[in-house]
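# Structural features, examined
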Amino acid sequence: MFSRKMAEKQALDLRFGWGRFRPSWLQFMNHINGFMVFLTIYSMTQGMIVNGFTSVNLPALEKRFEFTGKELGLIASSNEVSQIILVGFISYYGSYGNKVKWIGYGCLLAGISCILFDLPHLLVGPYVISKGPSNFGSLIKDVCKIHENANSTIDPSCSSVQENNWYYLMIFSVSQILIGAGTSSLYSLGPAFVDENVHPKSAPVYLSVWFAATMLGPGIGYMAGGALLGIFVDGTPPAGLNLHPRDPRWIGAWWIGFLIGGSILIICSIGILGYPRELPGSKEMRKKAIADGDLPKNDEKIRGKVNEIIPASLKLFKNPTYMFNTLGLCVAGLIGGGMSGFFTKILLTKFSMHPMYAGLIISAAFIPGTVGGVLAGGFLCRRFKLKKSCKLSAKYSVILELISTILLVYLFIPGCQTNEMVGVTQPYNTSVSSEISLMNTCNKDCSCSIAKMNPVCGGEGKTFFSPCHAGCKNPIGKTGYGNCSCIPSSIAGSGRTVTKGFCNHSSSCVYLVPFMLLLGFHLFFVFLSGVPTKMVLLRCVPENQRGYALGLQFVFVRLLGFLPGPLFYGALFDESCAVWGKKCKRKGSCQYYFVDKLFNWLGGSSLVIGGIAFVFFYLSYWFCKPCLDDPNDNEKNGASSSHVNTTDACAVPMKSLEETEYSTKV
């Protein structure tokens, strides 16, 4: 009687539902395909919020809450910090617990935190635009005003900077920390749960679909976030100011995306929490796969106790295949994490295009390149039987890393002709000295500001930093300026006029299409290697350590790759800056770059980093022991099945050169 009740309880525990509500009509969801629906929605929404909405909306938050660049960096990095701290513990304990509960409650926490991110929008109140000099139009604001106090022209908003914005910063940062904490279980326990509940032959395809959804999220976030910024932050713009999205005073509705994304995550968490600890039939399938040699055996010495974390970690550290694979991903993450946040800035700097179009073009290359690469990688694993081969997966990781590194030459493709700017790259024509400086005798009494660049095109196709720096005293219409003292009358024609914007060099912008094609191919091969590199990990560690191995690798990649990557590439941009803006007597953002110098630094550094990653992936291949290869292949190479140690799962101790030579010959 007791055994019968236990059997009934176990059968109930394997049904889809919540608590005792597990009706028969819901059991069509109790399948790995149903779980994948919720997992892919979760992954896509998380990528849309963290990598899409957050990046797109940082400039709006900067203007709305008067944040500095360092404070914006704190908001952006808070998500990574919490994941680094928590993912190791979550992946270890979750590997021996209920993975579904960890993933589901994490999704719920992330959804609530997204809505918490919108709280400052309610606390700060309606957006009130100062009716100072800027309301008379930017044309009047930027002209030369002789003998006027320089402080009045630098920035009229200096006196209204919010000093007490720390609580808004705290809410944003705490929200990002909680979002990161909630999603920590997604990338460590998610792949492990999928791999446990499908046949090893099908695992690459399922993982590729999941990775593709993850990569699709940021692309959607960039497009949707940019579109939402076309809506005014409070819904309806104030009357009488004639505001439009191109107006520098405009602030878009940054908060809508987080509200929608948080609601989706909360609904998705309910679906995930309805799944059992393991899907029906998965335990029997895994036992058979282990018996057939398709999967490595469990490490019975590790049972998920607190005092076993260090032995489990040391076992992974002594696995050279795992460690070199992880180091390769860390180094490659420097490029991925560093460049991803600067794609828009690269297009703006290299091809002088509008930010809205830059976002659309990036999405056009990003979505097919990343999604196509991940899907192709999954089917590649299936077609070439990488499901059983740690060695072959590592081999393809090496080849694909080499190709993606070579394709980094897209950074050296010429952009638009560099605009020669007077006072930055060449001296003023009115100057008797060869010294290059924005200030000259023709504008020294104009009290010109360098807070923001407002370029104008003058005689001989030369660009000036602003109408004020061109010495222009009178606006003409909506786009012109006249009476410009820095333009010699001999070349300026009547009136000494200039027009707003850079001088037109569009005829030289002929390399955008090749640039974007090579970028798309680079992204394709980067993400084509995503599934093979992940399969190396899943096949080179014992089955009951895969969740922890994924989590530990995640920590290393984030800590050594994605965290320092943006700082490194940001430093390259700063190193190539020609003119720094100054606002409220403080150093602002860079207004003008030496473009050729910038892209030589970007391209050269990326090629070196890619080469180092290639070396690490090759070492992972070198040390990989073909323990799970087809037995027929071993026989052809003279290997005996008795030499195969499925418990060590492809790991080769770094102590015997003879063992290493044996593994590389097979």
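Cut-off values and rules
All residue numbers refer to position in the chain's written sequence, counted from 1. A pLDDT threshold of at least 70 governs which residues receive local features in this predicted model, and a stricter bar of 80 or more applies before side-chain atom pairs are shown or counted, although totals over entire chains, interfaces and linings include all residues. Computation of side-chain values covers all heavy atoms of the structure but excludes hydrogens and water. UniProt positions are given in the numbering used here, feature names are shortened, and annotations may be inferred rather than shown by experiment. For helices the rule is a DSSP run of H or I covering at least 4 residues; for strands it is a run of E covering at least 2, with both sets numbered from the N terminus onward. Residue burial is assigned from relative accessible area. The probe radius is 1.4 Å, only protein chains are included, and a residue is buried under 20% of its type maximum, exposed over 50%, and partly exposed in between. Contact definition: two residues touch when any of their heavy atoms are within 4.5 Å. Using a 1.4 Å probe, the Shrake-Rupley method yields the accessible areas, and only the shown protein chains count as cover for residues. Fitted lines through C-alpha atoms give the axes, limited to the stretch in contact for helices. The angle between two N-to-C directions lies from 0 to 180 degrees. Convention used here: angles under 35 degrees read as roughly parallel, angles over 145 as roughly antiparallel, angles from 65 to 115 as roughly perpendicular, and any remaining angle as oblique. The handedness criterion is simple: a crossing whose near helix is rotated anticlockwise from the far helix by less than a right angle is left-handed, and one whose near helix is rotated clockwise is right-handed. Here the term charged refers only to Asp, Glu, Lys and Arg, the term nonpolar to Ala, Val, Leu, Ile, Met, Phe, Trp, Tyr, Cys and Pro, and the term polar to all other amino acids, Gly among them. Think of a nonpolar core as a cluster: buried Ala, Val, Leu, Ile, Met, Phe, Trp, Tyr and Cys residues, connected wherever their side-chain atoms sit within 4.5 Å. Residue ranges for the domains originate in an automatic or database domain assignment. Only Phe, Tyr and Trp rings take part, Trp by its six-membered ring, and two of them pair if their centres are within 6.5 Å. Stacked means planes under 30 degrees apart, edge-to-face means over 60, and tilted covers everything else. Note on geometry: a ring has a charge over it if NZ (lysine) or CZ (arginine) is within 6 Å of the ring centre and within 35 degrees of the ring normal. By the criterion applied in these results, polar contacts are pairs of N or O atoms within 3.5 Å in which, for protein atoms, one can donate a hydrogen and the other can accept it, and in which residues neighboring in sequence qualify only through two side-chain atoms. Surface patches are drawn from residues lacking salt bridges whose relative accessible area is over 30%; two like charges belong together within 9 Å, two nonpolar side chains (Val, Leu, Ile, Met, Phe, Trp, Tyr) within 5 Å. Between Lys or Arg on one side and Asp or Glu on the other, a salt bridge is scored when a side-chain nitrogen of the former is within 4 Å of a carboxyl oxygen of the latter. The predictor attaches a confidence to each residue, and that confidence, scored 0 to 100, is pLDDT. In a helix, the anticipated span is given by 1.5 Å times the number of residues less one. Two strands pair under a simple rule: DSSP has to find at least two bridges between them. In plain terms, two cysteine sulfur atoms within 2.5 Å form what is called a disulfide here.

By the naming in an unreviewed UniProt entry, the protein chain is Solute carrier organic anion transporter family member, taken from Actinia tenebrosa. The annotation that UniProt attaches to the protein chain under Subcellular location (unreviewed entry) is "Cell membrane". Quoted verbatim from the Sequence similarities (unreviewed entry) field of the UniProt record, the comment on the protein chain reads "Belongs to the organo anion transporter (TC 2.A.60) family."

### A short note on the overall build of the protein chain
Secondary structure summary: the protein chain contains 25 helices and 7 strands in total. The buried share of the protein chain, reckoned over its 666 residues, is 52%. Considering only intrachain contacts with a sequence separation of at least 6, the fraction spanning at least 24 residues in the protein chain is 77%. By element, 63% of the accessible surface of the protein chain is carried by carbon and sulfur atoms, the whole surface being about 30000 Å².

### Thoughts on the packing of helix H17 (residues 390–406) against helix H19 (residues 512–528)
Two elements in contact, H17 and H19, have axes separated by 9 Å at closest approach and are oriented at 160°. The angle between H17 and H19 falls in the class roughly antiparallel. When you trace H17 past H19, the crossing you get is left-handed. Contacts from Leu400, Ile403 and Ser404 of H17 reach H19 at His522, Phe525, Val526 and Leu528. Here the residues of the contact of H17 with H19 are counted per class, giving 5 nonpolar, 2 polar and no charged.

### So, the nonpolar core
Phe35 and Trp254 are the most contacted members of the largest nonpolar core, which totals 117 residues. Here this core gets 14 residues from one element, more than from any other, and that element is helix H2 (residues 32–65). Formed jointly, this core draws a minimum of three residues from each of two domains, domain 1 (31–127 + 165–290) and domain 2 (319–417 + 507–627). Setting aside anything within four residues of it in sequence, one finds phenylalanine 35 in contact with Met29, Val100, Ile103, Phe193, Val194, Ile272 and Tyr275. In this structure, Val143, Phe464, Cys472 and Val498 belong to the second largest nonpolar core, which totals 13 residues.

### Quick word on the packing of aromatic side chains
Counting across every chain of the model gives 28 aromatic pairs. With 6.3 Å between their ring centres and 80° between their planes, phenylalanine 117 and tryptophan 254 make a pair best called edge-to-face. One end of the pair, phenylalanine 117, is in the loop between helix H4 (99–116) and helix H5 (119–124); the other, tryptophan 254, is in the loop between helix H10 (203–228) and helix H11 (255–272), with 137 residues separating them in the sequence. A relative accessible area of 1% means that tryptophan 254 is categorised as buried. Pairwise contacts between aromatic rings join Phe16, Trp18, Phe21, Trp25, Phe35, Phe38, Phe193 and Tyr275 into one cluster. Lysine 350 extends its terminal NZ or CZ atom over the ring of phenylalanine 599, reaching a point 3.7 Å from the ring centre.

### Things to note about the packing of helix H22 (residues 564–575) against helix H23 (residues 595–623)
Packing of H22 against H23 brings their axes to within 9 Å, and their N-to-C directions diverge by 150°. By the angle between their directions, the pair H22 and H23 is classed as roughly antiparallel. Considering the relative orientation of H22 and H23, their crossing is right-handed. Contact residues: Phe568, Tyr569, Leu572, Phe573 and Glu575 in H22; Lys597, Leu598, Trp601, Leu602, Ser605, Ser606 and Ile609 in H23. The class makeup of the residues in the contact of H22 with H23 is 8 nonpolar, 2 polar and 2 charged.

### Some details on the side chain of threonine 321
On the secondary structure map, threonine 321 appears in helix H14 (residues 320–340). A distance of 3.5 Å separates the side chain of threonine 321 from the backbone nitrogen of cysteine 624, its partner in a polar contact.

### What to know about unusual backbone geometry
Phi at asparagine 483 is positive, roughly 55°, even though this residue is not glycine. Within the secondary structure, asparagine 483 is located in the loop between strand E4 (480–482) and helix H18 (489–492). With a relative accessible area of 39%, asparagine 483 lands in the partly exposed category.

### Quick look at a nonpolar patch on the surface
Taken together, the side chains of Leu116, Leu119, Leu122, Leu123, Trp166, Tyr167, Met170 and Val174 define a hydrophobic patch exposed on the protein surface, amounting to about 760 Å² of accessible area. If you list the elements that add at least two residues to the nonpolar patch, you get H5 and helix H8 (166–182). Counting residues per element, the nonpolar patch draws most heavily on H8, which supplies 4 residues. The residue tryptophan 166 is located in helix H8 in this model.

### A word on the confidence of the model for the protein chain
Here the protein chain averages 75 in pLDDT, and 75% of its residues register 70 or above. When pLDDT is averaged over each element of the protein chain, H11 comes out on top at 93 and helix H25 (residues 657–665) at the bottom at 30. Taken together, the stretch residues 627–666 has pLDDT below 50 and engages in 69 contacts with residues farther than four places along the chain or on a different chain.

### Some details on H8
Between its terminal C-alpha atoms H8 stretches 24 Å, which fits the 24 Å expected from 17 residues at 1.5 Å a residue. Every buried residue of H8 is accounted for by Tyr168, Leu169, Ile171, Phe172, Ser173, Ser175, Gln176, Ile179, Gly180, Ala181 and Gly182.

### Observations concerning the sheet that holds strand E3 (residues 474–476)
In space, the 5 strands of this open sheet follow the order E2-E1-E5-E4-E3, with antiparallel pairing throughout. This sheet does not close on itself; its edge strands, each paired only once, are strand E2 (463–464) and E3.

### Some thoughts on the environment of tyrosine 592
Here tyrosine 592 shows up in strand E7 (residues 586–593). When its relative accessible area of 7% is taken as the criterion, tyrosine 592 is described as buried.

### Quick look at the state of the cysteines
Simply put, the disulfide is a covalent bond whose two ends are the sulfur atoms of two cysteines. In the structure shown here, the tally under the stated rule is 4 disulfides. Disulfide pairing is shown between cysteine 144 and cysteine 446; the S-S distance is 1.9 Å. Residues cysteine 144 and cysteine 446 are joined through a disulfide that is left-handed, its torsion about the S-S bond being -75°. Residue cysteine 144 is located in the loop between helix H6 (138–141) and helix H7 (150–154), and its partner cysteine 446 is located in the loop between H17 and strand E1 (456–457); the two are separated by 302 residues in the primary sequence.

### Structural notes on the environment of methionine 439
The topology assignment puts methionine 439 in the loop between H17 and E1. Given the relative accessible area of 39%, methionine 439 is considered partly exposed. For the pair methionine 439 and histidine 469, spaced 30 residues apart in the sequence, the C-alpha separation amounts to 7.3 Å. Not counting chain neighbours up to four residues away, the residues in contact with methionine 439 comprise Lys444 and His469.

### Topic: the environment of proline 238
Within the element layout of this structure, proline 238 appears in the loop between H10 and H11. Considering only alpha carbons, one finds proline 238 and valine 128, 110 residues apart in sequence, at a separation of 8.5 Å.

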